[in-house]
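Coordinate inspection notes
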Amino acid sequence: MKKISCFLILLVLLSACVEEVALPVKVDFRTEIVNQDNTVPVQVKIINDTEGADRYQWTFEGGIPSTSDSKNPGTIIYETAGEYTIVLEASNRDDSVDRKELKVNVKPSVSVGFEINIVKDNFSPVEVAITNTTTGATSYQWTFEGGEPATSSEENPENIFFRTPGTHKIQLEASNGEEIHTVEKSIEVNPLLVANFDYKVPFIDDDFQVPVKVTLENRSISATNYEWLFEGADISTSTSENPEIIYTTPGTYKIELKAANSKNEQAITKTITVVENTNLRVFENIKLGINTAHKGNTIGAYFSTKTRKVYTQEEVTPEIGAKIDIAFFGLNKDFSFNKFSSPDKVEEVALEAIPNATTTKFINKVENCTCGIGISVSEFDAIKDDTLLKTWQVTETVDGLKEFDNSLLPRIVVFETADNRKGVIKIKEFKEGDALSSYILVDIKVQKEVE
């Protein structure tokens, strides 16, 4: 009985000792940035290492969710940049309580961009102002290709100058310490100013005999303003880009162009020579093919004093037909039968009709025409203007229209076009070849057409 009582007393004492030992709470947790990406949106994984707790109260400042009572709350999302506090307060049934705080630094996402603002214009030197529109960055690295300065680490760099013509790249690398973003743009610096011009005259004035209309063709580079000075022309100055002028007095004259832009000016001077008006067109070494060469389209037998070209049969169109003045018919390569014919009567010499043909009077045999016109080879060669031609009354006669052979060389032929321009042909050579290569070689002098 005594042994039982002692055992009971011992159990009571042991029980009292166990109740007095309370289990403490030791709070500990850590965070892990998912994908090591600190840029919003940031995902933070919570790893709970707390001991002795059976109750948990989490507070996630700025996070989603903002609170939790789970032992392992999982992953918290932060959508706004900033520094936030994570708090865990844990306890147990023995009323043991512990608390811990951790800071989370959430960085903003980087949106990189900038605007280029050209100060004044694109003529060298070009001044460029930069407007930085980047957000979320904490550091900047600028590269200005060909610029002054060439680089900058300022958020808003000072104005840059580009002096070399061409395309220049501007690059920005922006970083938030976690990631780097790059954007590149370019500017164009116009070529350096160069003053230059050419001039041209109409086809009808290409002999530069007065009056001459001249069109200035401005070939200046990077110019915006023009000042012309004309010596001897109908106007003395102009500010047009491509002016027109007229010369009425023979001579050699200066044309000066001052070209400018907002930053530079340059001048250039050229000369032009215009000569006295002879009212005479001179064509030398014109080939006119015989019948078979013309029809075979190897050497044409038609000539236009307006277009200054020889035409074969297949080249004649209604438009060209109206401009043909001279039609030659050579029967064969032996030149036993030759004749100049009015364009509207070529069918009479077995040539195909010319569409829109006009009338030209011919004197094939001046020596037999009894028409009041006589001209020798030496007189032909001496013609320098239309003084002699103006005195002629070209009258077609039966004898004057007759064909000729190659027995007389050189041979002189007189004509008058439908627009009353008088002219003279000198046959210099009867060039005998085969049926497709035989031709006569002629020089022609004729009064100018009226504009």
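Okay, so let's go over this structure.

Reading the values: the criteria
Residues numbered from 1 in each chain as written. Predicted model: local features only at pLDDT ≥ 70, side-chain atom pairs only at ≥ 80, totals over all residues. Heavy atoms only, no water. Core = buried A, V, L, I, M, F, W, Y, C linked by side-chain atoms within 4.5 Å. Buried < 20%, exposed > 50% of the residue type's maximum accessible area, 1.4 Å probe, protein only. Helix = DSSP H or I, 4+ residues; strand = E, 2+ residues; numbered from the N terminus. Contact = heavy atoms within 4.5 Å. Pairing = 2+ DSSP bridges. Disulfide = S-S within 2.5 Å.

1. Quick word on the nonpolar core
Counting 24 residues, the largest nonpolar core has F340, I425 and I440 as the members making the most contacts within it. Of all the secondary structure elements, the ones that give two or more residues to this core are β23 (280-289), β26 (326-330), β29 (411-416), β30 (422-431) and β31 (439-447). Per-element accounting of this core gives the leading share, six residues, to β31. Apart from residues no more than four positions distant in its own chain, F340 is found in contact with L288, I326, A327, F328, F362, N364, F404, V413, I425, I427 and I440. In this structure, V214, A223, Y247 and V274 belong to the second largest nonpolar core, which totals 21 residues.

2. So, the sheet that holds strand β18 (residues 225-230)
Spatially, four strands are ordered β19-β18-β21-β22 in an open sheet, and the strand pairing comes out antiparallel. Edge positions in the sheet fall to β19 (237-238) and β22 (265-274), since each has one partner strand and no second. Relative to strand β21 (residues 251-260), β18 is paired through six bridges, and the arrangement is antiparallel. The residue bridging F230 from the neighbouring strand is I255, located in β21.

3. A closer look at the state of the cysteines
Taken as a whole and judged by the stated rule, the model has one disulfide. Linked covalently through their sulfurs, C369 and C371 form a disulfide whose S-S length is 2.1 Å. Its S-S torsion of about -70° marks the bond between C369 and C371 as left-handed, since a negative value means left-handed. Exposure class is identical for C369 and C371. Each is buried.

4. Brief notes about the pairing of β30
Most of β30 sits inside the fold, with seven of its ten residues counted as buried. By the bridge criterion, six bridges tie β29 to β30 in an arrangement that is antiparallel. In the strand pairing of β30, R411 is matched with I427. Connecting β29 to the next strand, β30, in antiparallel fashion are five residues, including N420 with a positive phi near 65°. In terms of strand pairing, β30 meets β31 through eight bridges, oriented antiparallel. Pairing of K431 across the sheet is with Y439, part of β31.

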